[in-house]
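# Notes for the structure review
Residue strings, one per chain:
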Amino acid sequence: NINKYLNHHEAVRKSVDKEKTYGILAAHGVNTCEVMKYDHAMCYLGNGGKVVCRTTMRGKDGEGLDVYDSTTMDKMPKDAHYTKFEEQHSEYRVLVFRGKVLTIHRKHCNHPIKASKNGVQWRIKETKYFSEGFKHTCTNAVAVLGLDFGGVDIMVTDRGQVVLEINAAVELTIQQKRLLFACFE
């Protein structure tokens, strides 16, 4: 039965909704972006901070994401999802299948938020160079959403590891397909 190998549709629905995802992950102790209400975001901007504004909760590849600061705060939409902008040291896509990290790719792009197909490159990194804690954060994030398989977007900041999102339908490279198919042998 092929259904036993695929993510359940309800788990996929949860993972696509960023607000639900952040709530579930936070309830399970997974470090995520700091969510703010509009008034708090405006205050934070007024004090010199930056805010990431998401106008769609079901976007991908950076759709509906913009960064605002004190010079652009008057243009920030009122009916959106806001998180505190954090400078990142690095960002990764970690492919997880049934509690095991298959691959880790480091993100290289010109824009810190938008990840258009033409503007981002993912370069593979050896999983042995990552701590068990890092890998556990990723496998735990996939598990608490009820997924068997997912791509965890995670960044390393001054605050530590911060999960950005979990992609339930990840585009796979040929190497990743081989690793995934090997799990079924």
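Not measured: the values here are computed from a predicted model.

### Comments concerning the environment of Arg-54
- Its place among the elements puts Arg-54 in strand E2 (residues 51-54).
- Measuring from C-alpha to C-alpha, the distance between Arg-54 and Lys-18 comes to 9.5 Å, with 36 residues separating the pair along the chain.

### Re the environment of Lys-107
- Looking at the secondary structure, you find Lys-107 in strand E6 (residues 100-109).
- A relative accessible area of 11% places Lys-107 in the buried class.
- Spatially, the C-alpha atom of Lys-107 lies 7.2 Å from that of Arg-93, the residues being 14 residues apart in sequence.

### Structural notes on the sheet that holds strand E4 (residues 81-84)
- In space, the four strands of this open sheet follow the order E1-E4-E2-E3, with antiparallel pairing throughout. Looking at strand neighbours, the two that pair on one side only are strand E1 (35-36) and strand E3 (65-68), the edges of this open sheet.
- Strand direction decides the pairing type here: E2 and E4, joined by four bridges, are antiparallel. Across the sheet, the residue bridging to Val-52 is Thr-83, located in E4.

### Overview of helix H4 (residues 132-144)
- Taking 1.5 Å of rise per residue, the 13 residues of H4 would be expected to cover 18 Å, and the 18 Å separating its terminal C-alpha atoms lies within 8% of that figure.
- Taken from the residues just after H4, Gly-146 is the one with a positive phi, measuring 80 degrees.

### Things to note about the side chain of Glu-86
- With respect to the helices and strands, the residue Glu-86 is situated in the loop between E4 and strand E5 (88-97).
- A polar contact is formed between the side chain of Glu-86 and the side chain of Arg-159, at a distance of 2.7 Å.
- Leaving out residues up to four positions away in the same chain, Glu-86 has contacts with Cys-33, Met-155, Thr-157, Arg-159 and Val-162.

### Remarks on the confidence of the model for the chain
- Per-residue pLDDT for the chain has a mean of 84; in total, 85% of the residues score no lower than 70.
- Across the chain, the element-wise mean pLDDT spans from 67 in strand E7 (residues 120-125) up to 96 in helix H3 (residues 38-46).
- Confidence drops under a pLDDT of 50 for residues 114-118, and excluding neighbours within four residues, the segment shows 11 contacts in the predicted structure.

### Details of the packing of aromatic side chains
- Across all of its chains, the model carries five aromatic pairs by this definition.
- Consider the rings of Tyr-38 and Tyr-82, whose centres lie 5.8 Å apart with planes at 55 degrees: the pair is tilted. Pair noted here: Tyr-38 is in helix H3 and Tyr-82 is in strand E4, with a separation of 44 residues, a long-range link. We note that Tyr-38, like Tyr-82, is buried.
- When the ring of Phe-130 is compared with that of Phe-134, the centres are 5.0 Å apart and the planes differ by 35 degrees; the resulting orientation is tilted.
- Look at Phe-130 and you get buried, because its relative accessible area is 14%.
- Looking at Phe-134, the relative accessible area reads 4%, which means it is buried.
- Taken together, Tyr-92, Phe-130 and Phe-134 form an aromatic cluster joined through their ring pairs.

### Quick look at unusual backbone geometry
- Notably, Arg-98 is not glycine yet its phi reads approximately 45 degrees, a positive angle.
- Considering the arrangement of structural elements, one finds Arg-98 in the loop between E5 and E6.

### Focus on helix H2 (residues 18-27)
- Three or more residues of H2 are buried, namely Lys-18, Thr-21, Tyr-22, Ile-24 and Leu-25. One side of H2 holds all its buried residues, which, seen down the axis, span an arc of 170 degrees.
- Buried residues in H2 make contact with helix H1 (9-16), E1, E2, E4, H4 and strand E9 (160-167).
- Put simply, Asp-17 is the residue that caps the front of H2, since its side-chain oxygen is 3.1 Å from the backbone nitrogen of Glu-19.
- Positive phi appears at Gly-29, one or two residues downstream of H2, with a value of about 75 degrees.

How each quantity is defined
- Numbering of residues starts from 1 in each chain and follows the order in which that chain's sequence is written.
- With pLDDT at 70 or above as the cut-off, local features in this predicted model cover only qualifying residues; side-chain atom pairs require 80 or more to be listed or tallied, and sums for whole chains, interfaces and linings still use all residues.
- As a convention, hydrogens and water are excluded, and side-chain values are obtained from all of the structure's heavy atoms.
- Elements are defined by DSSP. Helices are runs of H or I of four residues or more, strands are runs of E of two residues or more, and each kind is numbered from the N terminus.
- Burial classification: accessible surface area is computed with a 1.4 Å probe over protein chains only, and a residue below 20% of its type maximum counts as buried, one above 50% as exposed, and the rest as partly exposed.
- Pairing between strands is defined by DSSP: at least two bridges between the two strands are required.
- Given a helix with a known number of residues, its expected span is that number minus one, times 1.5 Å.
- Under the rule applied, a polar contact is a pair of N or O atoms within 3.5 Å (in protein, one hydrogen donor and one hydrogen acceptor; residues adjacent in sequence only if both atoms are side-chain atoms).
- In what follows, residue pairs with any heavy atoms lying within 4.5 Å of each other are defined as contacts.
- Within a predicted model, pLDDT stands for the predictor's per-residue confidence, ranging from 0 to 100.
- Pairing of aromatic rings covers Phe, Tyr and Trp, the last counted by its six-membered ring, and requires centre-to-centre distances within 6.5 Å; plane angles under 30 degrees mean stacked, over 60 mean edge-to-face, and any other angle means tilted.
- Directions from the helix axis toward the C-beta atoms define the arc.

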